[in-house]
Amino acid sequence: MKMATASLAALLLVTAQLHLVLAFSSVAPAFLWSPHLNGKKEMVDYRILAPRDLAKSAMTEGGWSKYLCSSEEVQGSNNFAFLFIGSELQSLEVSRPSKTDPALIDLLKDSFSNSNSSLAFPYVVAGEEKVSIENSLITEFAETCQHNSGISSIALVGSCSVDGENFDKLNDVHSVHDYLNSRIEKFSDGHTDLIVLCPGGSQLLQDSDQPNSESNILSQLLNAVNEMGAKYTFLYISDPFRSVEYLTRRGIERFLAEGTIGNETTNSTACDGVCQIKSSLLEGILVGIVLLIILISGLCCMMGIDTPTRFETPEAS
């Protein structure tokens, strides 16, 4: 009985560690910043959040309730709230900028550190419900404000999937610039326009050398809204589902690229970052199996020891 209990505990320990490693690989970061909100600067929330919890934290701790809900504090000014649904970052990629676009990492860090109010969420997981992350966020924003919503319009850019029809559809970044200018000229009542950008699977920068570069899209948007002099807040979140698909696609591209270089690269024994992650995971599994076998063997040997309970008295000579 003791051997079975110990074996089960060891197996559960190895399974739990493997589950944590696999689950951590699908965690994505989020960054919220605003140069116009007076709040706590450079806060980091280390909890693992679902999209709905992220929306609640953005509304309460990030100050988005001042923008998206009707408030006297924002009257008399033009406000924009940008929700950027990315796909090029995972939590591990933030600490390893060589594996992703370094310009995107630098842009997020600069925007985060140079703003009056900023909040980072390193670990965001995909929601249990089968809805897009942008749909989950917008729904939670509306439920938080309830009947006191201060959003005058919502514009969708790219491949966003949101339930409803009362949205303005924009095709590219140039359309976003025109939309921002028209909103500034049309309204001056202090309401907020929410712009949701989903570059994944769409060509937002048709004239750029890197049409799918999120850093180019972000830099153009930030430069445009700064030139307008309008108040804005920005929430960048890398969707865990889109991130996994993006990294898988990049892995296939990497494999195909290596296969066309030549025999010299194909026969190379160098181990890159992807190889090191796989080798470390394999080593951990093998070490766990060996330790489990040793534990079971030791317990079997100990249980197999059979000593007599009593000894015969020696005969007198």
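Residues numbered from 1 in each chain as written. Predicted model: local features only at pLDDT ≥ 70, side-chain atom pairs only at ≥ 80, totals over all residues. Heavy atoms only, no water.

**Topic: the packing of helix 2 (residues 51–60) against helix 6 (residues 133–145)**
And step 1. Taken N-terminus to C-terminus, the directions of helix 2 and helix 6 make an angle of 45 degrees; their axes are 9 Å apart at the nearest point. On the basis of their axis angle, the class for helix 2 and helix 6 is oblique. Taken as a pair, helix 2 and helix 6 cross one another with a handedness that is right-handed. For the pair helix 2 and helix 6, contact is made by P51, R52, L54, A55, K56 and M59 and by I133, S136, L137, T139, E140, F141, E143, T144 and C145, respectively. (Axes fitted to C-alpha atoms, helices over the stretch in contact; angles between N-to-C directions. Helix = DSSP H or I, 4+ residues; strand = E, 2+ residues; numbered from the N terminus. Parallel < 35°, antiparallel > 145°, perpendicular 65-115°, else oblique. Left-handed = near helix turned anticlockwise from the far one by under 90°. Contact = heavy atoms within 4.5 Å.)

**What to know about the nonpolar core**
And step 1. In terms of nonpolar packing, the biggest core is built from 33 residues, with W64, L137, V196 and I237 touching the most fellow members.
And step 2. Sequence-distant contacts of I237, defined by excluding residues within four places in its chain, comprise P29, A30, L54, L83, F84, I85, G86, V124, I133 and L137.
And step 3. Among the nonpolar cores identified, the runner-up in size contains 30 residues, and F80, A120, L221 and Y232 belong to it. (Core = buried A, V, L, I, M, F, W, Y, C linked by side-chain atoms within 4.5 Å. Buried < 20%, exposed > 50% of the residue type's maximum accessible area, 1.4 Å probe, protein only.)

**Description of the state of the cysteines**
And step 1. Counted under the stated rule, the structure contains 2 disulfides.
And step 2. A disulfide bridge connects C160 with C198, and the sulfur atoms are separated by 2.1 Å. Across the S-S bond of C160 and C198 the torsion is about 105 degrees, and the bridge reads as right-handed. Remark: C198 occurs in strand 8 (residues 192–198) and C160 occurs in the loop between strand 6 (151–158) and strand 7 (168–170); sequence separation between them is 38 residues. For the pair shown, C160 and C198 are each scored as buried.
And step 3. Here C300 is not disulfide-linked; the sulfur of C301 is the nearest cysteine sulfur, at 6.9 Å.
And step 4. Among the residues examined, C300 registers a relative accessible area of 38% and is labelled partly exposed. (Disulfide = S-S within 2.5 Å.)

**Here we look at the UniProt feature "domain: V-type proton ATPase subunit S1/VOA1 transmembrane" (unreviewed entry) in the chain**
And step 1. Taking the UniProt record as the reference, the feature "domain: V-type proton ATPase subunit S1/VOA1 transmembrane" (unreviewed entry) is found at residues 281–312.
And step 2. A distance of 57 Å separates the end C-alpha atoms of residues 281–312, which is 75% helix and 0% strand. (UniProt positions renumbered as here; feature names shortened; annotations may be inferred.)

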